[in-house]
Amino acid sequence: MEFQLVHNSDPGVMECIVGITDVRDSMELAYACSDADTDLLLIHAGALPPAFFQQAGSDTSFAGSLATMWQAIHRRMVW
């Protein structure tokens, strides 16, 4: 997974460019945001696997699982 902190605002924005392959990758992103002292995360569509865009409304979908994981660690997602 590839991510970087963009310093064009205060706080900065953690930007994920490529490489999310598993829901557990969201934990790595959460730690990166925490380490950078930001709660702003931008995930490029190309960083998400095709499974993310399938059955988007289901809790068992990749998107639903990712949202559930982020909610469990008290983060918000905007689609």
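Structural data are supplied above this passage.
Remember, predicted model here, so these are calculated numbers, not experimental data.

So, about the environment of Met1. Tracing the chain through its elements places Met1 in the segment before β1 (2–6). Met1 sits in the partly exposed class, given a relative accessible area of 33%. Sequence separation between Met1 and Leu29 is 28 residues, and the spatial gap between their C-alpha atoms is 9.1 Å.

Taken as a whole and judged by the stated rule, the model has two aromatic pairs. Ring plane angle 80° and centroid distance 5.1 Å describe the contact between Phe52 and Phe53, whose orientation is recorded as edge-to-face. Overall, Phe52 belongs to the buried group, its relative accessible area being 9%. A ring pair is formed by Phe52 and Phe62, whose centres lie 6.3 Å apart and whose planes are at 75°; its orientation type is edge-to-face. Of this pair, Phe52 sits in the loop between β3 (41–43) and α2 (62–72) while Phe62 sits in helix α2; the two residues are ten residues apart in sequence, bridging distant segments of the chain. With relative accessibility at 13%, the residue Phe62 sits in the buried group.

A few words on helix α1 (residues 25–35). Inspection of α1 places Asp25, Ser26, Leu29, Ala30, Ala32 and Cys33 among the buried residues, and these make up the whole buried set. Down the axis of α1, the sector holding all buried residues measures 160°, keeping them to one side. In α1, the exposed positions angled more than 90 degrees off the buried face are occupied by Tyr31 and Asp35. Buried-residue contacts for α1 involve β1, β2 (13–18), β3 and α2.

Each value, and the rule that gives it
Residues numbered from 1 in each chain as written. Predicted model: local features only at pLDDT ≥ 70, side-chain atom pairs only at ≥ 80, totals over all residues. Heavy atoms only, no water. Helix = DSSP H or I, 4+ residues; strand = E, 2+ residues; numbered from the N terminus. Buried < 20%, exposed > 50% of the residue type's maximum accessible area, 1.4 Å probe, protein only. Phe/Tyr/Trp six-rings, centres within 6.5 Å; stacked < 30°, edge-to-face > 60°. Arc of directions from axis to C-beta. Contact = heavy atoms within 4.5 Å.

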